[in-house]
Each structure stands twice: as C-alpha cells, then as structure tokens.
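Descriptive analysis of the structure
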Amino acid sequence: MQIQSCRRGDALYIYLSGELDEHSASQIRRAADEAIDAQAGVSRAVFDLAGVRFMDSTGIGFLMGRYRRLKKYGIAMYLENPDRNADKILTLSGIYALTPKQQGKV
Amino acid sequence: MSNQMQLKFLSRSENEVFARNVVAAFALPLNPTLSELSDVKTAVSEAVTNCIVHAYAGGEGWIVLDCETQGRTLHITVSDSGRGIEDVDRALTPFYTSVPGEERSGMGFTIMQTFMTEFSVRSEAGKGTKVDMRKCFGAEAEADAR
C-alpha cells in the first residue's frame, strides 16, 4: 500500500494505491494524518482511489477516521476514482453522504 | 466435479491478503466474472479480519479456511477458536462495532451477506466462530438475461 500527497491550490490531494485492508490501513494511517496536519490550511481534501486494487470494510473505517480528523480542521473531504468494487463497498456503507464522490481525472 | 481444499494459518494481519488470494485462485476454474471474484475476495477478507481483530483480538491463534466447489458454486467456511460472539444478532446489525474507538466501520458482516449468495454464522462465547458462505457463479448473469 502506497500513499502520496500533494497540494494543488486550496486542495490537498492524497493518492492511495495498492490493497487497502486491515493490515495496510494500519501502515498508512499515520502518513495520512501527517499529510492532513501539515496542510491544515486547505479547504478541501481529495482522496484519489484510482490505484486501489482491493478494498474491504477496513477501508471504510480508514476513510471515516480521516474524515473525522479533517472535520476538526473544517476541511471538506471528497473521494474520486474508485474502481467498481471499491465503489460498491463505498456505496453500501453510505459514506458518500459525508465524503461525496467527485469526478476525477485519471 | 467437486474439489476441496483446506488452509490453516496464524491470525496475523499479513495473512489477510494471502487468504483471499488463495480462495480466488481456487475459484478460478469455476470461471467467475471479475466482479464475482472480487465479491468473494472481499467477503473472505472480512471474515479473516474478524478472526484477527475480534476472535483473537491481536493475539495469535489458528484460522481454518475450508473451500469446496460443487458445479459453479463455491462453499467457504472460515473458523476460529477465539473468544466467540455473545450476541450474534447484534453483531450482524449494520454499523454495529464492539470496538467503537478503533476506526471500525461495523460493515464486515453486512458486506459478507450482501456480496455472497448465502451466508450464516455460528458462534459460542469462549469457543469460537464459524462463518459459512456460498457463492453461485453465473447467478447474476442468469438473472440479467431473464
């Protein structure tokens, strides 16, 4: 599981790639939080899931955890480019009500 | 043609990817679609993660994965000898988690139920838990064709 982040304008982009499960989520949690803390002045954070080849419910827990952290800073969170299987789980969980899916460029 | 396999492994989180990929490889001769295969991998990952996170709660124990094929149906059981579930009905409730502070979504059983054709769970407190799942490959395509 890899995580990369960059700032574009008023948005923080966090790119996830690999297989997001309980094992890998515990490895990238701190890196994600450090990226958020370092860019606490942005108004939006976008999690790009184009590189995520597998995701289970641990991924939902991971994304919800980052949503709560961003909310403390008043930063809105968005998701983009989930593959069909990630999209199925994200839809089932109802997380899009909190972190809307936005159309991303792949 | 029926085929069977059994896999026994330690409740370490690095074995989550191992377990789901083994089941996917075993299921390949049944010609699942990519979407069906992904459903199975996700359901197995959920069941195995439950064993690691809840049944053994970070400690080490054995997880036993049994698979059997019958026609185009894959039957999977995931068993542990961990702490067991006191209230199975409550555990099956969407978004219920026994560990609210740990970023758990409470969606594991809901995903297994949704992604698999059949699902059941038996558990005894202090003895362990057994999850039974079936996936009928081709069922969605047949339903679409009707």
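Residues numbered from 1 in each chain as written. Chains lettered and ligands numbered in written order. Predicted model: local features only at pLDDT ≥ 70, side-chain atom pairs only at ≥ 80, totals over all residues. Heavy atoms only, no water.

Right, let's talk about the overall build of chain B for a bit. Looking only at helices and strands, chain B has 5 helices and 5 strands in total. A compact globule built from 146 residues would reach a C-alpha radius of gyration of about 15 Å, and chain B, at 15 Å, matches this within 12%. Referenced to the eigenvectors of the C-alpha coordinate spread, the extents of chain B come out at roughly 45 × 30 × 25 Å. Per-residue burial for chain B yields a buried fraction of 52% across its 146 residues. Taking the average location of the 14 positive side-chain charges in chain B and that of its 20 negative ones, the two points are 3 Å from each other. (Helix = DSSP H or I, 4+ residues; strand = E, 2+ residues; numbered from the N terminus. Rg over C-alpha atoms; globule rule 2.2 N^0.38 Å. Buried < 20%, exposed > 50% of the residue type's maximum accessible area, 1.4 Å probe, protein only. Lys, Arg positive; Asp, Glu negative; His and termini not counted. Charge placed at Lys NZ, Arg CZ, Asp CG, Glu CD.)

Let us look at the pattern of salt bridges. Under the defined criterion, the tally for this structure stands at 17 salt bridges over all chains. Salt-bridge contacts for D39 of chain B lead to K135 of chain B; the nearest nitrogen and oxygen are separated by 3.2 Å. With D39 of chain B in helix α2 (residues 34-55) and K135 of chain B in strand β5 (residues 128-136), this residue pair connects regions lying 96 residues apart in the sequence. Here D39 of chain B matches K135 of chain B in class, with each residue buried. Put simply, R134 of chain B and E118 of chain B hold a salt bridge, and the shortest N to O gap is 3.5 Å. One end of the pair, R134 of chain B, is in strand β5; the other, E118 of chain B, is in strand β4 (residues 118-124), and 16 residues separate them in sequence. Using a relative accessible area of 24% as the deciding quantity, one classes R134 of chain B as partly exposed. A residue is classified by how much of its surface remains accessible, and E118 of chain B, at 44% relative accessible area, is partly exposed. Each of R29, D33, D37, R66 and R69 of chain A together with E103 of chain B takes part in salt bridges that share partners, so that together they form one network. (Salt bridge = Lys/Arg side-chain N within 4 Å of Asp/Glu carboxyl O.)

Moving on: the packing of aromatic side chains. Here the distance between the centres and the angle between the planes together describe a pair of aromatic rings. Under the definition given, this model contains 3 aromatic pairs over all chains. Relative to Y15 of chain A, the ring of Y13 of chain A lies with its centre 6.2 Å away and its plane at 20 degrees, an arrangement referred to as stacked. Given a relative accessible area of 11%, Y13 of chain A falls into the buried group. Stacked on the ring of F115 of chain B, the Lys or Arg K88 of chain A has its end atom at 4.4 Å from the ring centre. For K8 of chain B, the ring lying beneath its charged end belongs to W62 of chain B, and the centroid distance is 4.8 Å. (Phe/Tyr/Trp six-rings, centres within 6.5 Å; stacked < 30°, edge-to-face > 60°. Lys NZ or Arg CZ within 6 Å of the ring centre and 35° of its normal.)

Residue and element names in this part refer to chain B. Spatially, β1-β2-β3-β5-β4 is the arrangement adopted by the 5 strands of the open sheet, whose pairing is antiparallel. Here the strands that pair on one side only, and so sit at the sheet edges, are β1 (2-10) and β4. Sheet twist, expressed as the average angle between the axes of neighbouring strands with direction ignored, equals 10 degrees. Bridge count between β4 and β5: 7 bridges; the pairing is antiparallel. Paired with V121 across the strands is V131, a residue of β5. In the packing of α2 onto the sheet, the strands contacted are β1, β2 (62-70), β3 (73-80) and β5, and the crossing angle to β3 comes to about 10 degrees. (Pairing = 2+ DSSP bridges. Axes fitted to C-alpha atoms, helices over the stretch in contact; angles between N-to-C directions. Contact = heavy atoms within 4.5 Å.)

Attention now goes to the confidence of the model for chain A. When the pLDDT values of chain A are averaged, the result is 94; 98% of them are 70 or greater. For chain A, per-element mean pLDDT is lowest for helix α1 (residues 22-38) of chain A, which scores 94, and highest for strand β4 (residues 76-80) of chain A, which scores 98. (pLDDT = per-residue confidence, 0-100.)

Once that is clear, we can look at the nonpolar core. Formed by 35 residues in total, the largest nonpolar core has its most connected members in V23, L65, L74, I76 and M133 of chain B. Elements supplying a minimum of two residues to this core: β1, α1 (15-27), α2, β2, β3, α4 (108-115), β4 and β5 of chain B. Counting residues per element, this core draws most heavily on α2 of chain B, which supplies 9 residues. Non-local contacts of V23 of chain B, meaning those with residues more than four positions away in its chain, are made with M5, V40, V44, L65, C67, L74 and I76 of chain B. Ranked by size, the runner-up nonpolar core spans 32 residues in total, among them L16, A25, A32 and L49 of chain A. (Core = buried A, V, L, I, M, F, W, Y, C linked by side-chain atoms within 4.5 Å.)

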